[in-house]
Amino acid sequence: MRNEFLEIGKIVAIHALRGEMRVQPWCDSPDFFTSFDRFYLAGEAVGVEAARPHKNVVLLKLAGIDTPEAAQKLVGQILSIRRDQAQLPAGTYFVADLIGLSVTDADDPSVVYGVLCEVSETGANDVYHIRFPDGQVKLIPAIPQVVVSTDLDAGVMAIRPLEGLFDAN
């Protein structure tokens, strides 16, 4: 069962004197992060007064956090959103939902390669890390030629590895 909340970023420092904080966003773009009018801290809703991208972080002002001292108490905290706050385009997924999927062969579902254990972002496309039963982790590009289907309800991703992808070095 998927979690009701999705982690979206971490408060990493205070910024200036009015309670603003620097947040490391854990999403594809700062624009996505700044599109929300409320976040959750430890399950409690808190309103957003202002949010704007700044270099590689987001500057965030939360309702009720008006001093550097109040902001400092939140450093290290994880910000979340409710799953129903975010709409993703068809065929895209939250990384949190992909982690743990069983990775099978698209042409022979009885062949289980392993479990998707990590996602890395690259310039061109994401890379999926698959932990094989022997403990080895092998990488696959998250491209349509390789990832044939993703069924979150069944907990399965079917792939068609490119020739030589899983061959020993």
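See above for the structure.
Every value quoted in this text rests on a predicted model; they were computed, and no experiment measured them.

Rules used in this analysis
- Residues numbered from 1 in each chain as written.
- Predicted model: local features only at pLDDT ≥ 70, side-chain atom pairs only at ≥ 80, totals over all residues.
- Heavy atoms only, no water.
- Salt bridge = Lys/Arg side-chain N within 4 Å of Asp/Glu carboxyl O.
- Helix = DSSP H or I, 4+ residues; strand = E, 2+ residues; numbered from the N terminus.
- Buried < 20%, exposed > 50% of the residue type's maximum accessible area, 1.4 Å probe, protein only.
- Pairing = 2+ DSSP bridges.
- Axes fitted to C-alpha atoms, helices over the stretch in contact; angles between N-to-C directions.
- Phe/Tyr/Trp six-rings, centres within 6.5 Å; stacked < 30°, edge-to-face > 60°.
- Lys NZ or Arg CZ within 6 Å of the ring centre and 35° of its normal.

> I'd like a rundown of the pattern of salt bridges, residues and numbers included.
Counted under the stated rule, the structure contains eight salt bridges. Arg-82 is paired through a salt bridge with Glu-4; the nearest N and O atoms lie 2.6 Å apart. Remark: Glu-4 occurs in the segment before β1 (5-15) and Arg-82 occurs in strand β6 (residues 78-82); sequence separation between them is 78 residues. We classify Glu-4 as partly exposed; its relative accessible area is 40%. When the shortest N-O distance is used, the salt bridge between Arg-83 and Asp-97 registers 2.7 Å. Taken as a pair, Arg-83 in the loop between β6 and α3 (95-98) and Asp-97 in helix α3 lie far apart in primary sequence, 14 residues in all. The buried category is assigned to Asp-97, whose relative accessible area is 10%.

> Lay out the sheet that holds strand β2 (residues 20-25) with the relevant residues and their values.
Reading around the circumference, β1-β2-β5-β4-β3-β6 is the order of the six strands in this closed barrel, with antiparallel pairing throughout. Here the average twist between neighbouring strands, direction ignored, is 50 degrees. The sheet contact formed by strand β4 (residues 44-54) and strand β5 (residues 57-62) spans six bridges and is antiparallel. What sits directly across from Ala-50, in β5, is Lys-61.

> Run through the packing of aromatic side chains, naming residues and quoting values.
Per the counting criterion, the structure on display carries seven aromatic pairs. Taken together, a centroid distance of 5.2 Å and an interplanar angle of 85 degrees make the contact between Phe-32 and Phe-36 edge-to-face. Judged by relative accessible area, Phe-32 falls into the partly exposed class, the value being 24%. Following the ring pairs from residue to residue traces out a cluster consisting of Phe-32, Phe-33, Phe-36 and Phe-39. Looking at Lys-138, its charged tip hangs above the ring of Phe-132, at a distance of 4.9 Å from the centre.

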